[in-house]
Amino acid sequence: MASDQQFEAVLAEYQHKVFRLCYAMLGDRAAAEETAQEVFVRIWKALPGYRGESSMSTWIYAIARNACLTAMKRRTAGRAVSLEDPGVRAAAERRASGLPAPDRRPDVLRLVGELPENYRQVVLLYHMEERSYEDVAAMLDLPLGTVKTWLHRARQQLAAALVEKQS
Amino acid sequence: MNDDERALRMIDQELDAALAGLSAPPGFAAAVRRRVAASRVSPLPEILDSIGWAAVLTIVSLLLLWFVPMLRGPWWPVFAGGIVMMPALFYGWRSIRAIAE
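Just so we're clear, the structure is a prediction, and the values are computed from it rather than from any experiment.

What counts, and at which threshold
- Residues numbered from 1 in each chain as written.
- Chains lettered and ligands numbered in written order.
- Predicted model: local features only at pLDDT ≥ 70, side-chain atom pairs only at ≥ 80, totals over all residues.
- Heavy atoms only, no water.
- Core = buried A, V, L, I, M, F, W, Y, C linked by side-chain atoms within 4.5 Å.
- Buried < 20%, exposed > 50% of the residue type's maximum accessible area, 1.4 Å probe, protein only.
- Helix = DSSP H or I, 4+ residues; strand = E, 2+ residues; numbered from the N terminus.
- Contact = heavy atoms within 4.5 Å.
- Axes fitted to C-alpha atoms, helices over the stretch in contact; angles between N-to-C directions.
- Parallel < 35°, antiparallel > 145°, perpendicular 65-115°, else oblique.
- Nonpolar A, V, L, I, M, F, W, Y, C, P; charged D, E, K, R; others polar.
- Buried area = accessible area lost by both parts, 1.4 Å probe.
- Polar contact = N/O pair within 3.5 Å; in protein donor to acceptor, adjacent residues only side chain to side chain.

Caption draft 1: Highlighting the nonpolar core. Residues and elements named next belong to chain A. Counting residues in hydrophobic clusters, the biggest one holds 65 residues, and the most contacted among them are F7, V18, F40 and I43. Here this core takes 12 residues from helix α1 (residues 2–26), the largest share from any one element. Excluding residues within four positions of it along the chain, V18 makes contact with A36, V39, F40, I60 and A64.

Encoded structure:
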């Protein structure tokens, strides 16, 4: 079937880009993988109706951004936690015993995680896309100037935080 | 080189090392294909629905022929066939639309 072949070509070409976009927006690998898979199911369903009014990449990134926004809303809505959850119980026990949380990420990545959401997305994508402003702008549907400005501000904040941490 | 420049260089090095060219995990494409296969619409329920309705209407038309002697003229096969064909065509059209969506 022609649309199956077309879908295979889209999957081969965009799987890494869509995964990276989801990772930048959600900040979590497992959630990014789950959402990126959902993005491709949506693409498969919508592909027969794709008329080429926008470029394929613009269309795919729009689907991916919408799926990520839905995932973020779902995550915010389901933020109520149970004390029966093993992660929550472990955190509560650590707090009670005065132990610090285990450090799983390098300092810089943790500092990136503390940036405002828009800055964090731009910084992560910029480095994932091998420092291409154009790719970041296309994936987040932002003007090139905005990407450069946000990236500059984010880097200033990161540098200041790092200097403060080291001094 | 001042502290800020050193910090920026360190940021670039660490983020490039951690993120540059990050790929989807192995098995990602296979997982997508599995999910796509699971979400394909099966035409079977629509076909069974159509067969069921055709059977019901066949029985109704046979009962009508039995109880209404007036219908037992030379045109009764056309009458009975029409009753069976109309819902079959309707459900066939509905099935094609459902699959296309």
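Caption draft 2: Examining the packing of helix α7 (residues 133–140) of chain A against helix α8 (residues 144–166) of chain A more closely. All names here are of chain A. Taken N-terminus to C-terminus, the directions of α7 and α8 make an angle of 110°; their axes are 9 Å apart at the nearest point. Considering the angle they form, α7 stands roughly perpendicular to α8. Every residue of α8 that contacts α7 at Y133, E134, V136 and A137 is listed here: L144, V147, K148 and L151. Taken together, the residues of the contact of α7 with α8 sort by class into 6 nonpolar, no polar and 2 charged.

Caption draft 3: Region of interest: the interface of chain B and chain A. Of the residues lining the interface, 27 residues belong to chain B; the matching set on chain A comes to 35 residues. Note on chain B versus chain A: buried area summed over both sides is about 3,100 Å², and carbon and sulfur give 65% of it. Taken as a group, L22, F28 and R35 of chain B account for 22% of the area that chain B buries against chain A, more than any other trio of residues on that side. Our count for the contact surface shared by chain B and chain A stands at 8 residue pairs in polar contact (both at pLDDT 80 or more). Among the elements of the structure, α1 (3–19) and α2 (28–38) of chain B are those that each provide at least two residues to the side of chain B that touches chain A. Looking at which element gives the most residues to the side of chain B that touches chain A, the answer is α1 of chain B, with 12 residues. Looking at the side of chain B that touches chain A residue by residue, the class counts come to 16 nonpolar, 3 polar and 8 charged.

Geometry only, nothing functional implied.
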